[in-house]
Amino acid sequence: MSDLPLTRAPAHLRQGSSIGQPVTRHDGPLKVTGAARYAADHHPAGMLHAALAVSSIARGRVSFLDLPAALAHPGVVAVMTPANRPALAEDPDAKTHPFMFRMDVLQNDRVRYANQPIAVVIAESLEAATEGAALLAPRYEAEAAQADLAAAEVFTPPAVGPGHPAAMAHGDTAAGLAAAARRISVTYETPAQYHNAMEPHAIVAAWDGDRLAIDTPTQGLAMLRGRLAGLFGLPAENIRIRSPFLGGGFGSKGLASGPLVLGILAARLVGRPVKLVLRREQMFGPVGHRAPTRQTLELGTDADGALTALRHHTLTATSAFDDFIEPASNASHALYASPAIATSHAAVRLDTGTPMFMRAPGEAPGSIALESAMDEMAEVCGMDPLEFRLKNYAETEPMSGKPFSSKALRECYAQGAARFGWAGRPRAPRQMRDAAGLLVGWGMGTAIFPALMFQGEARATIRRDGSGMVEIAASDMGQGAWTALAQIAADSLGLDPARLDFRSGSSDLPDGGIAGGSAHTATAGAAIHAAGAETIARLAALATADGRSPLYGAGNAGVIARDGRLFRRDDENRSESYADILARAGLAEIAGAGSGAMEPAAQAGYAMHAHGAVFAEVKVDPALGQIRATRLVGAFAAGRIINPRLVRSQYYGGMIWGVSFALHERAVLDKRSGRVINANLADYHVPVNADIPALEAMLVEEHDPHVNALGIKGVGEIAITGSAGAVANAVWHATGYRPRHFPITPDHLLGAPG
Ligand code: MOS
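The rules behind each value
Residues numbered from 1 in each chain as written. Predicted model: local features only at pLDDT ≥ 70, side-chain atom pairs only at ≥ 80, totals over all residues. Heavy atoms only, no water. Domains from an automatic or database assignment. Contact = heavy atoms within 4.5 Å. Buried area = accessible area lost by both parts, 1.4 Å probe. Salt bridge = Lys/Arg side-chain N within 4 Å of Asp/Glu carboxyl O. Polar contact = N/O pair within 3.5 Å; in protein donor to acceptor, adjacent residues only side chain to side chain. Helix = DSSP H or I, 4+ residues; strand = E, 2+ residues; numbered from the N terminus. Phe/Tyr/Trp six-rings, centres within 6.5 Å; stacked < 30°, edge-to-face > 60°. Lys NZ or Arg CZ within 6 Å of the ring centre and 35° of its normal. Core = buried A, V, L, I, M, F, W, Y, C linked by side-chain atoms within 4.5 Å. Buried < 20%, exposed > 50% of the residue type's maximum accessible area, 1.4 Å probe, protein only. 1 Å grid on protein atoms, 1.4 Å probe; cavity = no way out; pocket = protein on both sides within 12 Å on 5 of 7 lines; lining within 4 Å. Points joined across faces, edges and corners; volume = space filled by probe spheres on them. Nonpolar A, V, L, I, M, F, W, Y, C, P; charged D, E, K, R; others polar. Pairing = 2+ DSSP bridges. Expected span 1.5 Å × (residues − 1). Axes fitted to C-alpha atoms, helices over the stretch in contact; angles between N-to-C directions. Parallel < 35°, antiparallel > 145°, perpendicular 65-115°, else oblique. Left-handed = near helix turned anticlockwise from the far one by under 90°.

Visitor: Teacher, can you tell me more about the domain arrangement of the chain here?
Guide: Frequently, the measure chosen for interface size is the accessible area that the parts lose on association. Along its sequence, the chain is carved into domain 1 (28-36 + 454-597) and domain 2 (402-452 + 598-754). A straight line from the C-alpha centre of domain 1 to that of domain 2 covers 37 Å. Residue-level contacts link 16 residues of domain 1 with 16 residues of domain 2. Roughly 1300 Å² is buried in total at the junction of domain 1 and domain 2, and carbon and sulfur atoms are behind 61% of that figure. Summed over the three residues of domain 1 that lose the most area to domain 2, namely S518, A522 and A597, the buried surface amounts to 37% of that side. Seen at the junction of domain 1 and domain 2, the total is zero salt bridges. Taken together, domain 1 and domain 2 are joined by four residue pairs in polar contact (both at pLDDT 80 or more). Counting only elements with at least two residues in the side of domain 1 that touches domain 2, the list comes to α11 (481-493) and α12 (520-544).

Visitor: For this particular structure, what's the right way to read the packing of aromatic side chains?
Guide: A ring pair, where both rings are aromatic, is described by two values, the distance of the centres and the angle of the planes. In the structure shown here, the tally under the stated rule is 18 aromatic pairs. One aromatic cluster in this structure is built from F99, F101, F324, F357 and F454. Sitting above the plane of the W657 ring, R359 keeps its charged end 3.4 Å from the centroid. Positioned above the aromatic ring of W732, the side-chain terminus of R738 is 4.2 Å from the ring centre.

Visitor: Teacher, can you tell me more about the nonpolar core here?
Guide: Here is a general trend for soluble globular proteins: nonpolar side chains tend to be buried in one another's company. The biggest cluster of nonpolar side chains holds 87 residues, and the ones touching the most others in it are L299, L632, Y651, L663 and I744. Excluding residues within four positions of it along the chain, I744 makes contact with I627, A662, L663, A728, V731, Y737, P739 and L749. Within the second largest apolar cluster, 46 residues are counted, among which are A451, I462, W482 and I488.

Visitor: Quick question: what am I supposed to make of the layout of surface pockets here?
Guide: Where empty space is left becomes clear once a probe the size of a water molecule has been rolled over the atoms. In this structure, the second largest pocket occupies an estimated 640 Å³ of space. Taken together, 28 residues line the second largest pocket, and the ones lying closest to its centre are E189, P191, P292, A667 and K671. When residues of the lining of the second largest pocket are traced back to their parent elements, those giving at least two are β10 (182-190) and β15 (293-301). Of the residues that constitute the lining of the second largest pocket, the class distribution is 15 nonpolar, seven polar and six charged.

Visitor: For this particular structure, what's the right way to read empty space enclosed by the protein?
Guide: According to the stated counting rule, one finds four cavities of 30 Å³ or more in the structure shown. Empty space within the largest cavity amounts to approximately 110 Å³. Lining the largest cavity are 15 residues; nearest its centre among them are H201, T216, P217, S257 and L260. At the level of elements, β11 (202-208) and α7 (258-270) are the ones that each hand at least two residues to the lining of the largest cavity. Among the residues making up the lining of the largest cavity, the classes are represented as nine nonpolar, five polar and one charged. In this structure, the second largest cavity occupies an estimated 70 Å³ of space. The wall of the second largest cavity is formed by 13 residues, among which A114, Y194, F284, G674 and V676 lie closest to the centre. In terms of residue class, the lining of the second largest cavity is built from six nonpolar, five polar and two charged.

Visitor: Explain the sheet that holds strand β18 (residues 432-433) here, please?
Guide: The pairing of strands in a sheet comes from backbone hydrogen bonds and takes either a parallel or an antiparallel form. Spatial strand order, β18-β19-β27-β28-β29: five strands in an open sheet with mixed pairing. Both edges of this open sheet fall to β18 and β29 (694-699), since each of them pairs with a single strand only. Where strand β19 (residues 439-450) lies against strand β27 (residues 609-620), twelve bridges are found, and the strand directions are antiparallel. Along β27, the bridge assignment pairs A447 with G612.

Visitor: Explain helix α8 (residues 363-381) here, please?
Guide: Think of an α-helix as turning once every 3.6 residues; residues three or four places apart then point the same way. The end-to-end C-alpha distance of α8, which contains 19 residues, comes to 26 Å, matching closely the 27 Å that a straight helix rising 1.5 Å per residue would cover. Burial analysis of α8 places 17 of its 19 residues in the buried class, which makes it a mostly covered element. Count one or two residues on from α8 and you reach G382, which has phi positive near 70°.

Visitor: Looking at this model, I keep getting lost on unusual backbone geometry. Mind explaining?
Guide: Generally, phi is negative for residues other than glycine and the peptide bonds are trans, each holding for most cases. Residues F742 and P743 are joined by a peptide bond in cis, for which omega reads 0°. Among the structural elements, P743 can be located in the loop between α16 (720-735) and α17 (746-749). Despite not being glycine, N196 has its phi angle at roughly 50°, a positive value. Tracing the backbone shows N196 in the loop between β10 and β11. With a phi angle near 60°, F250 is a residue other than glycine that sits in the positive phi range. Note that F250 resides in the loop between β13 (239-242) and α7.

Visitor: Is there a simple way to explain the packing of α12 against helix α13 (residues 578-585) in this structure?
Guide: Pairs of packed helices are described in terms of their axes, by the angle between the two and the distance that separates them. It is the contact of α12 with α13, at a shortest axis distance of 10 Å, that shows an interaxial angle of 60°. By the criterion of interaxial angle, the relationship of α12 to α13 is oblique. Regarding α12 and α13, the two cross each other, and that crossing is left-handed. Between α12 and α13, the residues in contact are I536, L539, L542 and A543 and Y578, I581, L582, R584 and A585, respectively. Tallied by class, residues from the contact of α12 with α13 come to eight nonpolar, no polar and one charged.

Visitor: I keep staring at the environment of A174 and nothing clicks. Help me out?
Guide: One can find A174 in helix α5 (residues 173-178). When its relative accessible area of 42% is taken as the criterion, A174 is described as partly exposed.

Visitor: How do you make sense of the environment of R548 when you look at a structure like this?
Guide: With respect to the element layout, R548 can be found in the loop between α12 and β23 (559-562). When its relative accessible area of 59% is taken as the criterion, R548 is described as exposed.

Visitor: Where do I start with the pattern of salt bridges in this structure?
Guide: Side chains that differ in charge, positive against negative, can pair when their charged atoms come close. The tally for this structure, following the rule as stated, stands at 42 salt bridges. Of the charged contacts, one joins K95 and D322 as a salt bridge, the two residues approaching to 2.7 Å between their closest N and O atoms. Here K95, found in the loop between β3 (76-80) and β4 (110-111), pairs with D322, found in the loop between β16 (307-319) and β17 (341-350); they are 227 residues apart in sequence, far enough to count as distant. Relative accessible area serves as the criterion here: at 1%, D322 is assigned to the buried category. Among the salt bridges present, the one from R459 reaches E471, with a minimum N-O distance of 3.0 Å. Taken as a pair, R459 in strand β20 (residues 456-463) and E471 in strand β21 (residues 468-471) lie far apart in primary sequence, twelve residues in all. Classification of R459 as partly exposed rests on a relative accessible area of 33%.

Right under this line is the structure:
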């Protein structure tokens, strides 16, 4: 997609290590040859097929299901309803921590959103199960559904996202706005969006007495196992989850979902293995979505264009029965310097499924609003948008006042702008046309995403033959985690990657933490790094304490591990192979464990974020209003780059979702029925190849000594931020029309926003 050379780590970091190398993903050949077995590819002996029946109303109760008709259908084995659904050990509506959400698993006849599961039909074939579900012909006592953001009662949520404060402030924004030489107050609207991973939610569940084996795609093996252990009243070790491949997750496979639990319950009911795969339209309800937002930004500047105040308020929606509040205003905490910043959130309750973490939750909608507002303010100040952002560059984190652990945003701006050719941009809109007469516009946005870490563990082993093994229950949802983590693993054990056996994707391995929050490589990588170091230290202790070893007396700190050997630091001619050390000690193998988590001291002392700058070109047909993104350049700084090929691929993905946010994705909720009326991939637009132009993702060098031992910041979600706003701002620059409703569609440009 780009002719830029892959950035490599400097030579001294590369020696003897695969960290920094553009290794191709290990799972690539398996995927392109069809050899990769996804969850739904499993067919244990005796397996039955389950199909969900889902509600067609958004609120009320199920008053009738034609069970005799479904049960009489050839091949149907059972119909699971609230009447015969096996018991759970725990209330599925209970909540004990911020990563726990209520689920609909046939606990009663209530309907709380459209597409809610109301029965499960289990049959000998998928066809029979599907036909049986259709024969249920449900009847309802329907109640009026609330599906209109504008009409519902507004409340202030106690928390946003996973337990963050709903409002934060520093300085006096009222005074800052009053004293401002220039000010704007603008409101932006973003729509509901659905994750729409390529692979639908799927489970194959098999019980053996009180032991449960499941195949299902999950972004968090240990967390899912813990949730299921609670729901089913089993010791966690009785549950084995396999999740070697995911066809995308985007947050919707982070936590246990209702349909997943229903698959397990169905297998319990019939005493045979059961497969349950959601149909595409069934994913518009019970497996999460991004809530719509209405965001109001008030900005004030002095006469020179320095911000005097920044207010960011978000109105969003959660479900009628649970709380997930999209933390969009938090996008304004860490990016632009202002003596006064206030962020706040309010919400309404709609009769929809509960919103969920989705592709930069908070940051993505917050960023398109903030970057649009910054562009509008730059225009009011008569400044170039990049110059305006540099004028308001934050040297410390604005909301907290903490220093940044590292921040190479200036370099991102400079390198991205140079590569894009930003310097040639006319200030005023509607100044550029291409040879075909299309309006051409250039816009930019700043990218930012917090460098997060969760908790994870890993185990490393060196074997008698000199090979190594690293085990961790990590999730590769297509981002290339296994490849990058295997690189860290090989580095941690001082082995050529070809000598390393990397085991992952199963819940009986050490907890690798959740693949979310762009934190997986940092968390799992830190755990692997620690496990490798512990193993090498044990091996070194064997050698340095043994008079027969050439390393005798060197001390643990006096050796380095490389290419399957330990070398004396002070004399690299004295070394010994791992195999020789273990052989002399009479050991078959030596192992170590390690864990990874954010260092509390680092977290207390520093603001930790990845940054970037995105520049976009669009072309607009002035007669038709048709918009095409034609060129995007992103420059990102995210600490240590483990694998530049995979990181660049992550940036491409984020930039594509940014274009999608600006121009494509929108779920349309029917205000009368509460149903998503475009619940399919024909009408819910995600970009295809033809929608996406040449992308360039530049890897800007950044060394972070604080964020974690390996200096890794996340790269999964950052590129959606900045990109969406850059495209929106380019549309303004092309046309003079200021987008405030997303996605931007041709009718907006023809003067009829709707
Ligand atoms: Mo991501 S929305 O943290 O899976």
